[in-house]
Structures are given as structure tokens and as C-alpha cells.
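Structural characterization, general
Now for the letters of each chain:
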Amino acid sequence: MSTPPQPPQQPEQPSGSPAQPSAYPYPNPQSPAAGGPMGFPPAAHATQTGPQSVYAQPTLVGHPVQPQPGNPYAQPGPYPVVGPPPTGGGGAGRAVLWAVAGAVAASAAWAAGVFLTASGADADLRGYTAPTNLCTSTDYSSFKAEYTTEDSAPAHNGIKDDALDEGLCNLSLKKSGSSYSDAYLYTQLDLHKKTDPGPEFTASWKNYGDSHKGYDVESVAGIGDEAYLVSEDTTSGSSSGSLYATLAVRDGWVTYTMSYSAYYTSYAADTDPPTLAEVSAWLKTDTRATLRDLRS
């Protein structure tokens, strides 16, 4: 993870309201990013529908480039250390040189072979496919029971590339009778086809509370290989504060996030917003359903 699209829309609110914090471990998805989705240059085969997108989220893709460790295969070969050859031009000296050269070449070939084999491992995509429109493939039935007004024009886009297939979706959630959005739902699917996102995914989400103060992190069992629920609840009744919750899942080399956000003010029409416990349960139920559908 899931580097890392049209930023999640901000609730309509009076001027002077404080900016909302982000519940993503990547560049703030509410901030415009230069280039293509997730702040990356546009992909060679990028596709986009709907409004122009400037998402900056990771998936897991979108992490800063890390310094590369030394080649783990560039180790001394299994041959003895040989001192300088004799100064004479006799056959013995030439034989020693040929022996050393042959051993070095054999070791280099072995290292290169191991390296190519390791880097060419098949991607563990578990049968998932990235749809053209993630919004039509996102199951959010649990939220629809609370937010009954359908979003008629959800924002979505994605990329198709040899290294990564990605889909993104941003939905507005409205209760019956609301003139403006009461909350927002954001989903992202990443199929990592060249690199295993596991180590970075775990490091980012498991330790999210260390790098983002005020957020709680809960490990969730039974969804994919690993899943984490990250949340922040600063609400006070229905007239102030904000509620954010993101469920991030890794299943093999596939990562998926579903994020909910709501901001409350005294001007908000929603006087009975859902609790964090309710939102967390909906995220788990709908994420399970969406991942099941994406594998079928």
C-alpha cells in the first residue's frame, strides 16, 4: 500500500469552519496533487471518467521512495581468496588467474539468476479484477439504510498499467430530505502486479496512530490477510466535531480501503448522525461484500 483522484468532497459548511484532518496514510486525498492519480505522473494507459480527478491517496502506492538496500545477492562467491599471481609469466600463474576468473563469473551468474527468479515472482492477486468503474462495484448497502438518497453522479476514475491496476470512487451520502451531503464515502482498490505491498501496508496502517496523533487503530480479523480500522471521533452531539473511519485491507497483493467522513456544525441538517460503532460495523460488512464481489 495502496500509494494514494477527485478529492473526497468537503461538506458544505459556513466560512470559517476548520479544515478536516485526513484519515489516510498517504498524501492528503483532499489536497490537489500534480500529475496523475495519487500524485503520480499520468499512466501510459490511464483512463478516467467523470469530473477531473486529483486524488492524492494507497494505496499503498504513493509512498515516498525509500532508499534502496544493497543487493542481497552481491555476496562473496564460494571460492577461496587468492593472493596476487606469481610475477612470472609461467603457466601456473595463468592457471590461477583463469581459475579465479571462472569462479567470479560463475558466482555472478548464480547471483543474477537468483535475483531474476526472486523479482519475477507471480503476483498474488487472488482472483481480483479492477473494474472500469469502482463506484458501480462498491457495495455500501449498510450505509444506504441510513443515507437513503442515492448519489446521482459519484466521482470515479482509475488506471490500468503493467505494474498497477487501480480504481477509485467518491460517493456523497445524504439522508432523506437533506439539501446537502451529510457525509462522504471513499473507496480505493489497488492490484499490485509487480511488487508485494505487504510490508509497507503493515508498517503504514498498523502504526498509523504513531504518525497521526489522535487516531485509534484496531486490528480486524477475518477480512483478507490483514485489516486495520483507523478512526477519529471528535463529535459532540450533532452540532460539532468530526467523525472519520477507514478500513484498510490487504489480501495477497491486493489492497482495498473504504473510508467514511462526516463533519458536524450547528448548521447541519442531520440531527441524528450515526455513531462510530455503527459506522465501523457498516465498513466491515460492506467491505466483506465488496471484496467477495470483486473476486467473482
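Note: the structure precedes this text.
Since the structure is predicted, the reported quantities are computational estimates derived from the model, not experimental observations.

Parameters and conventions
- Residues numbered from 1 in each chain as written.
- Predicted model: local features only at pLDDT ≥ 70, side-chain atom pairs only at ≥ 80, totals over all residues.
- Heavy atoms only, no water.
- Disulfide = S-S within 2.5 Å.
- Helix = DSSP H or I, 4+ residues; strand = E, 2+ residues; numbered from the N terminus.
- Buried < 20%, exposed > 50% of the residue type's maximum accessible area, 1.4 Å probe, protein only.
- Arc of directions from axis to C-beta.
- Contact = heavy atoms within 4.5 Å.
- Expected span 1.5 Å × (residues − 1).
- Polar contact = N/O pair within 3.5 Å; in protein donor to acceptor, adjacent residues only side chain to side chain.

Attention now goes to the state of the cysteines. Counted by the stated rule, this structure contains one disulfide. Two residues share a disulfide in this structure: C135 and C169, whose sulfurs sit 2.0 Å from each other. Its S-S torsion of about 110° marks the bond between C135 and C169 as right-handed, since a negative value means left-handed. Of the two residues, C135 sits in helix α2 (residues 134-137) while C169 sits in strand β3 (residues 164-173), which places them 34 residues apart along the sequence. Residues C135 and C169 agree in their burial class; the two are buried.

The next point concerns helix α4 (residues 198-206). Here α4 has its buried residues at G198, F201, S204 and W205. Projected down its long axis, α4 carries its buried residues within an arc of 140°, all on one side. Residues of α4 that are exposed and angled more than 90 degrees away from the buried face: P199 and K206. On its buried face, α4 sits against α5 (208-211), β5 (216-219), β6 (226-233), β7 (242-251) and β8 (254-263).

Time to look at helix α6 (residues 276-295). For an α-helix, 3.6 residues make a turn, and residues three or four places apart therefore share a direction. Along its 20 residues, α6 runs 29 Å from first to last C-alpha, staying within 8% of the 28 Å computed at 1.5 Å per residue. Along α6, the residues that are buried comprise V279, S280, W282, L283, D286, T287, A289, T290, L291 and L294. At its buried positions, α6 is contacted by α2, α3 (141-144), β4 (183-192), β6, β7 and β8.

So, about the side chain of D251. In this structure, D251 sits in strand β7. A distance of 3.5 Å separates polar atoms of two side chains, one belonging to D251 and the other to R295. Not counting residues up to four positions away in its chain, the partners in contact with D251 are D124, R126, Y128, G224, D225 and R295.

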